[in-house]
Structures are given as structure tokens and as C-alpha cells.
Amino acid sequence: MSYGRFLLKRGLQGVVVVWGVVTIVFMLRFITPGSAVDAVAPLDASPELRERIAEELGLDQPLYVQYLDYLWELLQGDMGYSYISGIEASQMVFSKLPATLELAVVSSIIAIGLSIPLGVISATRRHEPADYAATTFSLVGISTPNFWLGIMLILLLSVQFGIFPTSGRAFGFAEAFRILLNQGPGPGANAMWQWLRHITLPAVTLGTYFTALITRLTRSGMLEELGQSYVRATRAKGLPESMVRYKHALRNTLIPVITVLGLQLGTLIGGAVITESVFAWPGLGTTLINAINARDWPILQATLVVIGSGFVIVNLVVDAIYAYLDPQVVAE
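Being a predicted model, the structure only gives us computed values, none of them experimental.

J.: Just give me the short version of the pattern of salt bridges, but keep the residues and values in it.
T.: All chains considered together, the criterion is met by two salt bridges. For arginine 169, the salt bridge is made with glutamate 102, and the minimal N-O distance between the two is 3.3 Å. One end of the pair, arginine 169, is in the loop between helix H7 (146–160) and helix H8 (173–183); the other, glutamate 102, is in helix H5 (residues 89–124), with 67 residues separating them in the sequence. When its relative accessible area of 12% is taken as the criterion, glutamate 102 is described as buried. Between aspartate 131 and arginine 219 there is a salt bridge, with its nearest N and O atoms 3.0 Å apart. Of the two residues, aspartate 131 is situated in helix H6 (residues 129–143) and arginine 219 in helix H9 (residues 185–226); the sequence distance between them amounts to 88 residues. Both residues of the pair, aspartate 131 and arginine 219, belong to the buried class.

Structure below.
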């Protein structure tokens with residue numbers, strides 16, 4: 001199979017997955033208790049008023065008609081309007097997306113910056129204190145729930161020591177960078193500092209599980225590579241140990257790590273829901289929770305469709321990179 005056919009096949013599979021996500025999200029409205037009319041109608045609304053609202057929202061139509069109308073409007077980029085605020089759902093969701101992406105990217109940077117060195121140190125100093133410390137950290141990181149870690153960090157570093165703010169987002173990175181360019185080093189440095197203070201705790205909370213996972217993966221991969229015959233051959237040739245470890249063994253270890261990194265980036269976007277709620281981070285997660293509480297179905301559906309589509313796109317990109325790096329994947 002050629003590389004182009006491989007990408008086409010993966011793309012078609014991605015379209016099917018997105019269609020499945022859209023269908024499941026649409027059906028959720030009808031299998032959950034309550035009616036969308038309840039979110040719009042006043043508490044003392046008469047039956048006539050409720051019928052009129054249902055008619056205006058198209059909820060009086062048969063299920064298949066509502067489904068086909070929803071698919072057709074979605075294909076045209078129309079995700080409906082919020083029942084509560086009347087704002088276009090796509091406008092509201094995409095305005096929150098940068099905050100979630102920013103949090104996911106910073107979490108990934110923290111995770112990559114910590115996990116790969118920890119995994120290498122753990123593998124090259126096996127059964128030494130550094131190895132025990134790294135494996136203990138990874139075990140604790142995987143076992144700790146995000147919401148509990150976030151609350152503990154707030155209580156310790158925000159409430160007790162006052163180092164970081166408890167919640168919120170003062171600036172986005174782009175806005176802070178724009179202030180730096182337009183207003184000079186003083187205001188710009190202050191804006192960047194405020195951005196860093198607000199994003200540190202949510203990013204650490206969201207990235208801890210990711211860090212622990214990549215640490216364990218890097219360690220096991222390095223141990224396997226260091227036992228290969230080509231590593232013994234390079235050592236026999238007299239190459240420096242640092243070159244053997246980092247140029248040869250680590251390079252081969254990073255192929256599966258890159259795959260997991262890409263897949264976990266999609267998971268971080270979806271998993272940010274709880275972290276955003278703990279830190280009142282104004283992203284998709286907070287929007288999703290607010291929509292669930294208010295039964296604001298257009299916003300709820302638009303948020304889930306965007307998260308699901310983002311996950312599929314990230315997986316497609318990872319598949320393309322992995323197939324490019326390892327042609328055997330295409331052949332299989």
C-alpha cells in the first residue's frame with residue numbers, strides 16, 4: 001500500500017469516527033432525563049407556551065427529521081444557538097478553544113521536558129536511588145487523580161503560600177506576547193509573568209499523569225534498546241557512552257514515545273474538562289460543564305463534536321508521522 005492510500009484510508013476512517021461521535025452526541029439529548037424545552041421555558045409556562053417553544057426549536061418533528069436537519073446544518077458549519085444566551089454555538093465554542101489548546105500544549109511541554117530526561121536517567125542508573133525516585137514519581141503520578149492533585153496544589157501553593165492565583169486566566173499567551181511587542185518590556189514582562197502564574201498550576205495538574213506515563217515508557221524503551229546487540233557493537237567500537245545512550249538508544253526509543261505523545265495530546269484536550277473546572281479555566285471544559293448544568297444542548301453538542309473532531313485530527317497526524325518514520329506500518 002502506498003503512503004497516499006494509507007493516508008486516504010486513515011482519513012476515511014476518521015470521517016466515520018467523527019460521524020459516529022456526531023450521532024452519539026445527538027442521541028444523548030433523547031436518552032437523558034428532561035427536555036430541552038425545560039431549559040428555555042419559564043417555570044410557570046403553560047402547555048401552549050411549551051408547545052410553541054418546542055415548535056420553534058424543531059423538537060416537535062420526528063427524530064429522524066431532527067437528525068437529518070442537524071447533520072445538514074452541521075455540514076454547513078451551523079451548530080445552532082445557545083438556549084440560554086442566544087449566542088451562536090460555534091462562536092462560543094471556538095472562542096474557548098484557544099484557552100484549552102494553550103493549556104494542553106503547555107502541559108505537554110512540561111511533561112516532555114521532565115519525562116524523557118527522567119526516563120533516561122532511570123534506565124541508565126537502574127537499581128540506583130535515581131531510578132527508585134523516578135519510578136516512585138511515575139507510580140504516584142499515574143495513581144493520583146487530577147482533581148485531587150489540583151485541589152491540593154491550590155491549598156498548598158495558592159492559599160498557604162500565595163505563590164500562584166487560585167483560579168482564572170489573566171491573559172492568553174498571544175495577548176501577553178502582543179502586550180510585550182506593543183507596550184514594551186515593562187508591561188510586557190508583567191503580562192507574561194501573569195500568564196505564567198495563572199497557567200502553571202493547571203498545566204502541572206493536567207500534565208502529571210502524562211509525565212508519569214512517558215517516564216515509564218521512556219525507561220522501558222531505553223532498557224530494551226540498551227540490551228540490543230547494536231548498542232554492544234557501538235560500545236565495542238569505543239564510542240563515548242553519552243553518544244551510545246542519546247544518539248542511538250534514545251533515538252530508537254523515541255519512535256513509540258512520539259506516537260503516545262500525539263495520542264495523549266488529544267486525550268489532554270478531552271481530559272482538561274475536570275482540570276478546567278477545578279481552576280475555573282475559561283476553556284472548553286468549563287463551557288461543557290456549564291452547558292450540562294443549564295441543559296444548553298446546542299453548546300453541549302458543539303463542544304463534544306469539537307473535542308471529538310480534534311481527537312480524530314490529532315490521531316490522523318500521529319498516524320501520518322508514524323507511517324513516515326516507519327514505512328513497515330504502511331506495508332502492514
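J.: For a nonpolar patch on the surface, give the residues involved together with the corresponding values.
T.: A surface patch of nonpolar side chains, amounting to about 650 Å² of accessible area, comprises Phe147, Trp148, Ile151, Met152, Leu155, Val159 and Ile274. Ranked by residues supplied to the nonpolar patch, first place goes to H7 with six residues. Tracing the chain through its elements places isoleucine 274 in helix H11 (residues 241–279). With a relative accessible area of 46%, isoleucine 274 lands in the partly exposed category.

J.: So what about the nonpolar core? Which residues, and what values?
T.: Counting 31 residues, the largest nonpolar core has Val22, Val37, Tyr70, Met79, Leu284 and Val306 as its most contacted members. When contributions to this core are tallied by element, the ones reaching two or more residues are helix H1 (3–31), helix H2 (36–40), helix H3 (47–57), helix H4 (63–75), H5, helix H12 (284–294) and helix H13 (297–325). Ranked by residues supplied to this core, first place goes to H13 with seven residues. Apart from residues no more than four positions distant in its own chain, valine 37 is found in contact with Arg50, Ile53, Ala54 and Leu59. In this structure, Val120, Val244, Leu250 and Leu261 belong to the second largest nonpolar core, which totals 28 residues.

J.: Describe a negative patch on the surface, with residues and values.
T.: Taken together, the side chains of Glu48, Glu51, Glu55, Glu56 and Asp60 define an acidic patch exposed on the protein surface. Exposure remark for glutamate 48: the relative accessible area of 51% places this residue in the exposed category.

J.: So what about unusual backbone geometry? Which residues, and what values?
T.: Positive phi outside glycine occurs at histidine 127, with the angle close to 65°. Tracing the sequence through the fold places histidine 127 in the loop between H5 and H6. The exposure class of histidine 127 is exposed, given its relative accessible area of 54%. Non-glycine residue alanine 280 carries a positive phi angle of around 50°. A relative accessible area of 42% places alanine 280 in the partly exposed class.

J.: How would you sum up the packing of H8 against H9? Please name residues and give values.
T.: With their axes 7 Å apart at the nearest point, H8 and H9 run at an angle of 165° to one another. Judged by the inter-axis angle, H8 sits roughly antiparallel to H9. For the crossing formed where H8 meets H9, the hand is left-handed. Residues Phe173, Ala176, Phe177, Ile179, Leu180 and Gln183 of H8 form the contact with H9, whose participating residues are Pro185, Pro187, Gly188, Ala189, Ala191, Met192 and Trp195. Counted by class, the contact of H8 with H9 contains eleven nonpolar, two polar and no charged residues.

Here is what the cut-offs are and how they apply
- Residues numbered from 1 in each chain as written.
- Predicted model: local features only at pLDDT ≥ 70, side-chain atom pairs only at ≥ 80, totals over all residues.
- Heavy atoms only, no water.
- Salt bridge = Lys/Arg side-chain N within 4 Å of Asp/Glu carboxyl O.
- Helix = DSSP H or I, 4+ residues; strand = E, 2+ residues; numbered from the N terminus.
- Buried < 20%, exposed > 50% of the residue type's maximum accessible area, 1.4 Å probe, protein only.
- Patch = residues over 30% accessible without salt bridge, like charges linked within 9 Å, V, L, I, M, F, W, Y side chains within 5 Å.
- Areas by Shrake-Rupley, 256 points an atom, 1.4 Å probe, with all protein chains shown as cover.
- Core = buried A, V, L, I, M, F, W, Y, C linked by side-chain atoms within 4.5 Å.
- Contact = heavy atoms within 4.5 Å.
- Lys, Arg positive; Asp, Glu negative; His and termini not counted.
- Charge placed at Lys NZ, Arg CZ, Asp CG, Glu CD.
- Axes fitted to C-alpha atoms, helices over the stretch in contact; angles between N-to-C directions.
- Parallel < 35°, antiparallel > 145°, perpendicular 65-115°, else oblique.
- Left-handed = near helix turned anticlockwise from the far one by under 90°.
- Nonpolar A, V, L, I, M, F, W, Y, C, P; charged D, E, K, R; others polar.

This is a description of form; function is not addressed.
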